[in-house]
Structure formats: structure tokens, C-alpha cells
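Read off the chains here:
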Amino acid sequence: MSNQRRLLNRPPKTLEERYFSEIRPQLYERHAAHHQYGVREGTTLAEHLDSACQLMLTVSRIGGVPEDKRPVLLAATAVHDLNKLDSQERNVKTLARNRTFLQEQLEKACVLSFVVTENDFELARKLIERHSGHNRSDAAIFLPEDPAIDRWAAMLTGADLFDLGIPESERFRKVQTELTVAFNRPSKLFRVRVSEDRGYITALLLGACEEVLQKYGLTTLAIFPDGELFEGENLPAVDLTAEIAACWQEKIDLVFGNNIERLVRATKDGIKIAQSAIQQNVEEVLLNVQALLEKKKAGFKADKINKDIAKWGDTAGASAVDNAAAVGLLPVGNAEEFAIAEGLKTAYLSYREAGINPKEVWDKIAACVGISQQQRAAIEPFNGQYGRPLFAAKAAQKGLEGILEALRESFQLRKESTHKPEASEASEEIVAAVAKTLSLPIAIQWNGIDELNAYIEANPRKRCSLGSTFSETDDLVSGNMPPGTKVQVFSNRLPGGSSAEPKRQADSMAALAYQLMAIGANFPAANKKDPIYLHLALPKGSSPELLRIWREHLKQLAATNAEGGTVTVDEFKLYKDNILEFKANKVVGIAFPKRPEFIHATVTEAIVWGDANASVALLKSLRLALELSLSLEFGFPFTLSSNLEVEISLDIYGRVEGIPAALQTLLGSGQYSREEAEKILKRLRCIGQLAIAVASIQKADDCLYDLARAAAQPFDLYYVLLRWTLREQDEPNLSVIWSRIREPLNSLLESLMPNENALLTQYLKEAAQIAATAKIWGSSFKRTAQAEPFTAFTSAIRSQKAHLDLDVIFAALVQQYHTRLDRIREHGVGNTKYEQIKAYYGVLRKLYKEVYNERADKLLTDQKTLEAAYLFFLEDARRSLKIELENDSVETTKSV
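Computed from a prediction, not measured in an experiment: that's the story for all the values here. (Residues numbered from 1 in each chain as written. Predicted model: local features only at pLDDT ≥ 70, side-chain atom pairs only at ≥ 80, totals over all residues. Heavy atoms only, no water.)

K.L.:
Describe the pattern of salt bridges, with residues and values.
P.N.:
Oppositely charged side chains may form a pair once their charged atoms are brought near each other. Here the structure, examined in full by the defined rule, presents 54 salt bridges. For glutamate 867, the salt bridge identified is with arginine 783, shortest N-O distance 3.8 Å. Of the two residues, glutamate 867 is situated in helix 39 (residues 863-895) and arginine 783 in helix 34 (residues 783-786); the sequence distance between them amounts to 84 residues. Each of the salt bridges in this network shares a partner with another, and the network as a whole consists of Lys359, Asp363, Arg376, Glu380 and Arg388. (Salt bridge = Lys/Arg side-chain N within 4 Å of Asp/Glu carboxyl O. Helix = DSSP H or I, 4+ residues; strand = E, 2+ residues; numbered from the N terminus.)

Written out as C-alpha cells, the structure reads:
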């Protein structure tokens, strides 16, 4: 089974699309196992050629290479290391001038169609020669030549040097030198890095950085998992922090512009308005509040409200209720008054977010809604959040208009209390976040020691629960975060509160990052299970064009669900035929990003599996992650984690966090190179095929889990498979079942235990071969009859007496089973069958002696597993005999 998969199915339209859909897969199929040495040690030839081709596509476009010449440059780049493609290891100059060899390599790389004319071949030859240091030589130096060839050769040389295994500063200096020749102007490279990846908000930051730097003449040259590489004639000499922050703020505002409804929520404690909502569009917030108040009005229930009135009236005391009634403060009595009461509660909560004490809050509310001084004094004994709104609603003369006025005032106070705007449009927090997250041309003074000391000395309960802390933290409840963030990173849960919605501490940037995820991903409408986050990163040095193609592909996948919800994979086709086909689902699947700007150096996708347990969810998520990651067109490094924030790593291809001990034999350490990731994918594909072969699709997950746990003791797989077969069918046809599971099972066992249990397998297979040849089994083809001679062996060992040695036990076994066969066979059995039975039990005796050291307890512990393996080996032996007989029959027919 091949690990290679293609995701792009539509016909390519551009040269870049043709490269990623046709040429790049061919490079990895041919050279993925070709490891390099010296300064390129640690990378394969496929990775080097891919890096060079992607950079050539980018620089040839920046350098204005004519469109009819760009394919020739790409073709030359795809085979530029001719010496590494030659079994005789001849030098590049010799091979470039060998027309037959060059044409053969171009054809193998799927780029021969780019090199059509003699001039094309000559151009490709010159470029390949010169990239390796050979300039024009021989008589060719006297011949006229297109002066652009020197520039194009410099492009190829720069692309060849781009992934050199030397310090980055030295490497970039070499590339700059070549690009200066290629572009015929000064060329400078500048690398922008991010210190941490917070998902969608980090993607928006990189987009803002890219947008601002383009204004200063910088162009994206390559993309890395932790940032971007820019190229330009001059680097900016000004501090761009505020400008990038303003652009970032604008992008964040655009996201929230149509999602205010997610930030204005009706809770059991009243309507709560998130800080980020009032920073976007105040009028939109007020419209959402009015809509929620209308819903409150429609849901008015007199009996429930009367209970609340009685509760808070009793709390305040009978005298307080009488005094309130005397000045016209009567409890609500209808739906209209109830809506006003809820509006007063909303205003109260909003004022409290600005840090104002309850007494001052109600002074401001009374002034806005028209409550008199006498009424304001009478209502003081009641609970500020729950009691006062119920008794003050009738006295609110300005009604809804007054409530909206109070909300506007509270919003202004909240804005003033949280940040003071700079001259730019961005808040201080946004500017500070840019300065700490991005590396920019102008160095920013950052005192890390002071921040570390502040973190150490802070009250642990005030540290950010969601990651590093940029500023002061506030309470954050689970409703303000995407699914799966209900368990905090640090153990700093505040006392009190319900277990379903504990409070955490979060600074504004961390909360904003999580809210962006909540509104930016296509989460299912009803989701009660924590998702697993799949973080896919663009490979090191990726072309900007790859990002565009990747965005388009994810947009197409998300469009599978026209309603904008999750997209799931057809598990039956995936497990049975290894076909990756997506379909819409309202409950489970992948929550793809809603906007292309959420996809940049990395993309975060939440995967939701509903009621599946954590281990099954991990297995299914990892299978999907590997299928996407190892696609030939992309080849994305990935991280699979229950956390939204992950550590950026350029050295690890794949990382899986939280692998349970029971699955570590199957899934390994959780840190994979590309080769190890392919091995894990092969195992998961085998297990999927086995699960669907012995269980129905409805029970495939349970079977998958059992098989995954059995991989800890790989020989137990035989028993698990037999048990599931018997669970699904009373009298299964083991021959048919074996034909389905034989190939994936053998492949899985070879991967899990290439050298383990070799002797055990050998003796069981040898015994099964004797049984198949001599037809040593019971009176039918039922499972119990087929295993009869083997179960007779384990029964004899179980009933072994201390005074009887093995010679007596096995001699009795041979005689008893010979008598058994003589009785059930129509024509009886003779001495030949006796010798065959003797040989059969002789093999099992060697198994008992050499594998189990004649310890009955160890053998009987493995009895069920051994019996299951024996039955499958018996079917395999029959299959081999059948093939031999068919081959003999064909040969006899041919000879006749």
C-alpha cells in the first residue's frame, strides 16, 4: 500500500499549479529516499529540488522572466543536480552535454514538455552548467549569447543555495549576492518571525505585516512555519510597529464586524457584552441587545418571575418591599416590564465591567432611565444585579430609550478603563503585542527580565490560563472561548462558580485569539465534546503561490458543507478503499476556517468527533492529519494537540501530544520525521482496513480501538480479529475473512514486530501447513472442528499430571486423535495418517518446549490468541496449497 496521496484533482491553470500538481509529486516519488551529505546533511534530494523549484518560480516572476522562458528555467531547476541523478556520478558539465541523459532526466521529472526546441535544450544546458560554477568555456565563449542568461543562471544558483545547511546569515548573504545579479539591482533579504502561534490572530498579524511591508517595496520571497522572508531593494529605516498594529487592528475589526452576535450573549445572569464587541461597532451591539430583550419578552413566564420576585423580596426584607411600594417601586407584572428589567440588568453588568461599584452604577442607571432620587434611595436594600431590576422596571420612565443611553455611557467608560488610544487606530495592547510577537527591521527594546520577574511574583490565580501573559488579566468564562478550552493550562481555577463553567484568567489578547477561533471556524451548532486541534504548517521556504493554492483547496473543502458547518470524511471509503472523500455533517468533522486570511504560515483546524472516546478521537484525527500532511502536492509539517496554542518547531515534521500509554506501541513517541510519519500512516491504514473487514461501519470505531490497543502485544491481533469476526457472524467463513485481512495484517505485523515471535510464528505455521496437507481437522468446516487438533493439545497440557512426562502426554495425544479421525472419516485412516498426526504434534511439542519452556501457565494464558492465530495460519496454508495445485494443473495442461 502506497503512502502517497494527491489532493489536487482539478486541471492546473498556471505554471505554479502545474508544478505542485504534477512535477513536485514526481520529485518526491523518485528522490524522497535519496539522503544528502556534507552541508546538506539531514535533507533528502527531493526536499532540495523542491526548495529550489519553488524559489525559482518566485524569483523568476519577481525578476520579470518572459512567460515562455519560465518553464525552461523550472525544468532546468528540477534536474540541476545531474551528478546526483547519475549512477556513475559523473560531473555536471559532462552530463549536461549528454543530450540523451539530459532528455531522460527531464522526462523522469515530468518537465520534458517544457523543453521543446533546440534553443530550449541549449538554455537548459547552460543554466545547469553555470549553477555549478562552470562559466562559458571552450569555443562557446566567442559565440553571441543572450545577456539575460547570466541573470537567469544567477536565479538558479540562488535557488540552489537557498536551503544550504550553513548559518542563516551566511546563507542569506550568498543568496542576496545572486539575486542582486538576477534582478540587476541591489537585493536585500529580511526575515520576519513570530515568537508564538495563537492561531487565526497570528495569521492576521502576518497578513498585516505583509501588507505594510509591501508599501515599502518588500515582496514575499518564501514562507516558513514561524514567519516569512521578504526581499527588496532597501529595508525600511523606520519603526513599523504602530503601522503594522493599526493594520492588524483593522483586520481584526473586519472579522468581528459581522459576528457581534457571538459576543453579545444571553446568560442566566443577564445579557453579557464582551469587551471586543464594543470596540468594533457600538450600534451593532445595541441592536443585538434589543433583539435579545425581545426574546426575553417572548419567553416571559409569570410563575417563574413571581418566584424570583418573592426570593429577592424576602432577601431585602418586608419593610424594604413596603417602602419601595410606597414610592411606586412595584414588581414587574407583564412581559413588557420584564424586558425592561432585563435591560436594566444588562446596563448594570456593563457598568460593572468598567470597574464601577454597585452604588455608583445604580446612580448612573437612575439618572439615565428617569428613576427619582426618592425611588433610588428606596431600592438600595435590594440586590443590585437581580433584585433592583425586578422592582425598578415600572419606575423607569424613559424605558428602553433610557437603557440604551445607559449602555452607551457604560461602553464609553469601559473603553476608557481598558486602553488609551495612540495616535494610530490600534490600542496600546495591540501595539505591545506586535512589538513582542514580531521581529522587525528596527530593534525593539524589550526587557525580558522584568516580565519574567513580574510573572514569577504575580498571584498564580491572576496568571493567564491560555498562554503567555501580555497584560493584566480578567475573568473569562468558557462561553467566551471555542469548544475544548474548558480545562485550563495552569491550575488556577478561582473558588466558587459552577463546575460546568469555571472562571479562568485571561489577558485581552489571549481572549481575543480564542474568540477569533470561535467565530472563525465552522464549528457544529451543538458541540458538547472537546475538539482536537490540527495545526498544519507550510514547509520551510514555501512559495507564496503554494499558500494561494492551499487557501483555495481549503475553501473548496469547506464548501462541501453549503450551510457552513463541519465537513467530515467518508470513513467507509477511507478505511476500505483508502479514498479521502469529504461530505457535509452537522455534528462531527473538521471545522475549516471561514476566511482565507485565517490561513497563513500555519492553519489551525478543529476536529470534532462527537461521542467518541479520547483514544478513538486521537486515532481518527491522526489518520486524517497524516493523510493531509503527507499529500504529494503539499507535504505539510503538523501538530495534533488538544491545545489551540502550540510551540513552533522547524526541526520536527510531525508532533502528536497526549498519546496514551496503551497506544504508544502503535503510534510511537509522538515526534516523527517524515519517514516515521509515513510508517505510522501505513499502520493506521492497515488497522482501518482490518476494522472494516471484520466489523460493520457502525461498529468500526470500537473495533479500531480494540485493534489499536492490541498492537501493544501484536500477536494478540489474531485473537481480536477472530473475536470481532465471531461477534458479527455466528458461523463465519474464515477463508473469506482471511482473504480480506491477510495483506493488511501481515503488513501491520511486519511493521510492529519484524523480529519478534519469529519462533512462535514458525511453529504455528508449520503445524498449520501439516494440518492443511494431511487434512487434520474435525468432521466439518466449522471453527471448532478446524481448531479441534490444536485445542486437544491445549486441553492435554491443562490436564497434565505431575507423574506423567511429555513423551507419554504427546504419545497419548497422537493415538487419541488418530482414533478420533478413524472414527469420523468414512473410510477410516491408516498408518500414513498416524505418521502425519505424529509430525503435527511433534511440531506443537517443540513450540511448547522452546517457546514456552514447558510452562503450562504461560501457554494457557496465550491459549485463545494461539488458537486464533492457528486458525488463520490454517487458512493461509490451504490458500497456498490451492495456488500450488492450480499452478501444477496449468503446467500439466501446457505440457499435454
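Next, the rest of the story.
K.L.:
Which residues make up unusual backbone geometry, and what values do they have?
P.N.:
Not every positive phi belongs to a glycine, and cysteine 110 is a case in point at roughly 65 degrees. The topology assignment puts cysteine 110 in the loop between helix 6 (99-108) and helix 7 (118-131). Residue lysine 775 is not a glycine yet carries a positive backbone phi of 55 degrees. When you line up the elements, lysine 775 lands in the loop between helix 33 (758-774) and helix 34.

K.L.:
Could you give an account of the nonpolar core, with specific residues and numbers?
P.N.:
Trp248 and Leu667 are the most contacted members of the largest nonpolar core, which has 279 residues in total. No other element matches the eleven residues that helix 29 (residues 674-694) contributes to this core. Those residues within four positions of tryptophan 248 in sequence are excluded, and the remaining contacts are Ile201, Leu204, Leu205, Ala208, Ile430, Ala433, Val434 and Met509. (Core = buried A, V, L, I, M, F, W, Y, C linked by side-chain atoms within 4.5 Å. Buried < 20%, exposed > 50% of the residue type's maximum accessible area, 1.4 Å probe, protein only. Contact = heavy atoms within 4.5 Å.)

K.L.:
Break down the sheet that holds strand 2 (residues 219-224) for me, citing the residues and quoting the values.
P.N.:
Spatial strand order, 1-3-2: three strands in an open sheet with antiparallel pairing. With one partner strand each, in any of the chains shown, strand 1 (188-193) and strand 2 form the two edges of the open sheet. Within this sheet the neighbouring strands show an average axis-to-axis angle of 25 degrees, counted without direction. Summarising the sheet, strand 1 and strand 3 (residues 227-232) pair through six bridges and their orientation is antiparallel. (Pairing = 2+ DSSP bridges. Axes fitted to C-alpha atoms, helices over the stretch in contact; angles between N-to-C directions.)

K.L.:
Help me get a handle on helix 14 (residues 282-298), residues and values and all.
P.N.:
The end-to-end C-alpha distance of helix 14, which contains 17 residues, comes to 25 Å, matching closely the 24 Å that a straight helix rising 1.5 Å per residue would cover. Within the span of helix 14, buried status applies to Val285, Leu286, Asn288, Val289, Leu292, Leu293 and Lys296. Considered in projection along helix 14, the buried side chains sweep an arc of 160 degrees and stay on one side of the axis. Summarising the geometry of helix 14, the exposed residues directed more than 90 degrees from the buried face are Leu287, Lys295 and Ala298. (Expected span 1.5 Å × (residues − 1). Arc of directions from axis to C-beta.)

K.L.:
Let's hear about the environment of glutamate 380: which residues, and what values?
P.N.:
Structurally, glutamate 380 is set in the loop between helix 19 (373-378) and helix 20 (387-392). Along the sequence, glutamate 380 and proline 358 sit 22 residues apart, while their C-alpha atoms lie 9.9 Å from each other. Look past the residues within four positions of glutamate 380 in its chain and what remains in contact with it is Lys359 and Arg388.

K.L.:
Describe the packing of helix 29 against helix 30 (residues 700-710), naming the residues involved and giving the relevant values.
P.N.:
Each pair of packed helices gets described by two things: the angle between the helix axes and the distance between those axes. Look at helix 29 against helix 30: their axes get within 9 Å of each other, and the N-to-C directions meet at 130 degrees. Between helix 29 and helix 30, the interaxial angle falls into the category oblique. Handedness of the crossing formed by helix 29 with helix 30: right-handed. Of the residues in helix 30, those in contact with Ile687, Gly688, Leu690, Ala691, Ile692 and Val694 of helix 29 are Ala700, Cys703, Leu704, Leu707 and Ala708. Residues that form the contact of helix 29 with helix 30 fall into these classes: ten nonpolar, one polar and no charged. (Parallel < 35°, antiparallel > 145°, perpendicular 65-115°, else oblique. Left-handed = near helix turned anticlockwise from the far one by under 90°. Nonpolar A, V, L, I, M, F, W, Y, C, P; charged D, E, K, R; others polar.)

K.L.:
Lay out the pairing of strand 4 (residues 264-267) in plain terms, naming residues and giving numbers.
P.N.:
Examined bridge by bridge, strand 4 and strand 5 (residues 270-273) share four bridges and lie antiparallel to one another. Bridging across to strand 5, arginine 265 finds its partner in lysine 272. Between the end of strand 4 and the start of strand 5, which pair antiparallel, lie two residues.

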